[in-house]
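Examining the three-dimensional arrangement
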Amino acid sequence: MIAVGIIYSLFPAVFAGDLYAYVSYGRLYGLYHVNPYHLTHPLGVQNDGILSQCFHFYGNPPPSDNYGPLWTLLAGYVGGLEAHVDLFFQLWTYRLLGLMGAIASAAGLWRILADAEPARRVKSVSAFAFHPLVLYEAAAGGHNDILMVAPVIWAFAIAESSPLLAGLLMGASVAIKYVSLIVVPFLLIRIARCSGVGTAMAAAVLTAAVPAISFLPFWIGPETLHPLANQLNDYRTSPMWLIVIALFALGRGDAMVTDHISWIRLFQSLVGLIGLAVVASSIFRYYRSGKPAEIFRAIAATVWSSASIYPWYLLWLSPALAAQGRWSRYAFWFCALVFLRYIQDITRQPNTTAAFNLMLVVLAVITAVFLFAPLFVFRRRVDSPASPAAVIDR
């Protein structure tokens with residue numbers, strides 16, 4: 001995995017701008033002590049060639065930081081350490097960090113499957129370690145999502161033996177990227193079953209403490225979290241995006257249901273409520289059964305209800321690759337087909353309305369393929385009723 005990952009880390013193209021955001025926020029905080037969560041005015045970066053290059057892509061000022069504070073602290077440390085390093089090597093640093101996160105995730109899955117048969121253990125962890133999405137988005141894309149996933153995996157791996165440390169690891173994950181909040185209840189339920197409710201409450205306090213303490217250098221009030229709200233208005237290749245296209249095609253894109261809510265906001269609220277209902281149901285079902293499938297269901301619901309589905313979001317679901325049965329098949333095909341999403345980024349603005357409408361139809365079909373095709377694989381029964389995999393499925 002290390003050998004293949006290093007090759008991926010030298011991939012010559014970057015299909016997302018996140019790496020440049022990491023460098024920008026790291027240099028702003030680590031070198032110039034600028035709060036990246038509150039960027040409202042153009043910054044004088046004429047004498048900083050690295051930031052000048054990054055701002056050519058992001059604009060000046062760039063969008064305010066929407067990542068967790070622990071990640072920003074790490075980026076600030078890297079920015080200060082690499083103050084005079086060429087941009088290529090700064091980008092490569094984050095790629096190597098992503099690769100380290102993927103390797104740590106694979107090691108955590110290896111620990112979780114300690115009691116499995118050796119052949120199944122190797123096969124399951126390899127299904128995660130060598131999936132193209134895991135290697136590309138971690139080692140080539142350098143996305144911090146994998147560094148969010150790794151502590152979660154390890155938190156579950158040591159929940160029985162070291163529940164308080166598991167709580168700290170979960171807090172670190174939340175402080176890197178907030179979306180891991182959805183799996184916190186599952187971890188606390190697991191800890192409560194193994195070590196008692198009191199220990200689970202102590203773990204919850206530690207989980208909350210890590211992001212709270214990490215925010216101390218940056219917190220300027222609720223507006224610190226405003227950049228997160230901007231993500232709700234970015235509709236791209238998701239079920240919500242398909243709804244938005246349909247509303248505009250029907251002439252209802254700008255129409256209002258009431259004086260205060262539009263049709264788009266109404267459907268966005270409905271999609272979000274459905275996602276929350278599935279997550280809540282999964283938490284309740286996990287409380288009763290303890291099946292890991294409920295965790296995968298909650299994560300899948302979160303992905304589906306997002307305003308935009310980027311390929312690296314599927315890293316959230318990637319631990320299911322090491323499972324058995326239907327969730328493993330679903331994660332494999334969803335993680336593979338989501339690469340089609342990048343087609344949206346290479347299309348040029350058409351010159352005519354007809355060409356624009358045709359492009360929208362093509363992109364909508366592509367989105368429907370990578371969203372819905374894995375569901376048919378997921379529902380296909382390939383195991384005999386008496387097989388071990390079928391039992392695990394249930």
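Now for a description of the structure that goes with this document. Computed from a predicted structure; not experimentally measured.

1. Describing the side chain of Thr-72
Residue placement: Thr-72 occurs in helix H4 (residues 69-81). Residue Thr-72 is classed as buried on the basis of its relative accessible area, which comes to 1%. Beyond its immediate chain neighbours, meaning those up to four positions away, Thr-72 contacts Tyr-29, Pro-36, Tyr-37, Asp-65, Tyr-67 and Phe-218.

2. What to know about the pattern of salt bridges
Taken as a whole and assessed by the stated rule, the structure comprises 5 salt bridges. The closest approach of N and O atoms between Arg-27 and Asp-48, which form a salt bridge, is 3.1 Å. Placement of the pair is Arg-27 in helix H2 (residues 18-30) and Asp-48 in the loop between H2 and helix H3 (49-58), with a sequence separation of 21 residues. By sharing partners, the salt bridges in this structure join Arg-285, Glu-294 and Arg-297 into a single network.

3. Let's talk about the nonpolar core
If you look at soluble globular proteins, the nonpolar side chains tend to sit buried side by side. With 92 residues, the main nonpolar core has Tyr-94, Leu-314, Leu-317 and Phe-334 as its most contacted residues. Ignoring sequence-local partners within four residues, the contact set of Tyr-94 consists of Leu-19, Tyr-22, Val-23, Trp-71, Ala-75, Val-78 and Gly-142. Judged by nonpolar contacts, the second largest core, of 12 residues, contains Met-240, Val-244, Val-271 and Ala-307.

4. So, a nonpolar patch on the surface
Residues Ile-2, Ile-6, Leu-10, Phe-88 and Phe-89 make up a contiguous nonpolar surface patch of about 480 Å² in total accessible area. Contributing elements (two or more residues each) for the nonpolar patch: helix H1 (2-9) and helix H5 (87-112). Looking at where Phe-89 falls in the secondary structure, it is placed in helix H5. On the accessibility criterion, Phe-89 (42% relative accessible area) is partly exposed.

5. Focus on the layout of surface pockets
Size it by volume and the second largest pocket reaches roughly 1300 Å³. Forming the boundary of the second largest pocket are 45 residues, of which Ile-112, Pro-292, Ala-293, Ile-295 and Phe-296 lie nearest the centre. Put simply, the parts of the chain that give the lining of the second largest pocket at least two residues each are H5, helix H8 (145-157), helix H14 (263-289), helix H15 (293-304), helix H16 (326-337) and helix H19 (388-393). Across the lining of the second largest pocket, the residue classes tally to 29 nonpolar, 4 polar and 12 charged.

6. As for the side chain of Ser-24
Structurally, Ser-24 can be placed in helix H2. A polar side-chain atom of Ser-24 sits 2.8 Å from the main-chain carbonyl oxygen of Tyr-20. Other than its neighbours up to four places away in sequence, Ser-24 contacts Leu-51, Cys-54 and Phe-55.

7. Observations regarding the packing of aromatic side chains
According to the stated counting rule, one finds 33 aromatic pairs in the structure shown. A ring pair is formed by Tyr-310 and Trp-312, whose centres lie 4.7 Å apart and whose planes are at 10°; its orientation type is stacked. Each member of the pair, Tyr-310 as well as Trp-312, is classed as buried. Three or more aromatic residues link up through ring pairs in this structure, and these residues are Tyr-29, Tyr-37, Tyr-178, Phe-215, Phe-218 and Trp-219.

8. What about H8?
Helix length check: H8 (13 residues) gives 19 Å between terminal C-alpha atoms against 18 Å at 1.5 Å per residue, within 8%. In terms of burial, H8 is a largely internal element, 12 of the 13 residues being buried.

9. Some thoughts on the packing of helix H13 (residues 239-249) against H14
At their nearest, the axes of H13 and H14 sit 10 Å apart, and the two run at 155° to each other. The orientation of H13 relative to H14 falls into the category roughly antiparallel. In the crossing of H13 with H14, the sense of the turn from one axis to the other is right-handed. Residues Met-240, Ile-243, Val-244, Leu-247 and Phe-248 of H13 lie in contact with H14, whose contacting residues are Trp-263, Ile-264, Phe-267, Gln-268 and Val-271. Of the residues contributing to the contact of H13 with H14, the split by class is 9 nonpolar, 1 polar and no charged.

Parameters at a glance
- Residues numbered from 1 in each chain as written.
- Predicted model: local features only at pLDDT ≥ 70, side-chain atom pairs only at ≥ 80, totals over all residues.
- Heavy atoms only, no water.
- Helix = DSSP H or I, 4+ residues; strand = E, 2+ residues; numbered from the N terminus.
- Buried < 20%, exposed > 50% of the residue type's maximum accessible area, 1.4 Å probe, protein only.
- Contact = heavy atoms within 4.5 Å.
- Salt bridge = Lys/Arg side-chain N within 4 Å of Asp/Glu carboxyl O.
- Core = buried A, V, L, I, M, F, W, Y, C linked by side-chain atoms within 4.5 Å.
- Patch = residues over 30% accessible without salt bridge, like charges linked within 9 Å, V, L, I, M, F, W, Y side chains within 5 Å.
- Areas by Shrake-Rupley, 256 points an atom, 1.4 Å probe, with all protein chains shown as cover.
- 1 Å grid on protein atoms, 1.4 Å probe; cavity = no way out; pocket = protein on both sides within 12 Å on 5 of 7 lines; lining within 4 Å.
- Points joined across faces, edges and corners; volume = space filled by probe spheres on them.
- Nonpolar A, V, L, I, M, F, W, Y, C, P; charged D, E, K, R; others polar.
- Polar contact = N/O pair within 3.5 Å; in protein donor to acceptor, adjacent residues only side chain to side chain.
- Phe/Tyr/Trp six-rings, centres within 6.5 Å; stacked < 30°, edge-to-face > 60°.
- Expected span 1.5 Å × (residues − 1).
- Axes fitted to C-alpha atoms, helices over the stretch in contact; angles between N-to-C directions.
- Parallel < 35°, antiparallel > 145°, perpendicular 65-115°, else oblique.
- Left-handed = near helix turned anticlockwise from the far one by under 90°.

So, to be careful, I would describe these as geometric facts and stop short of saying anything about function.
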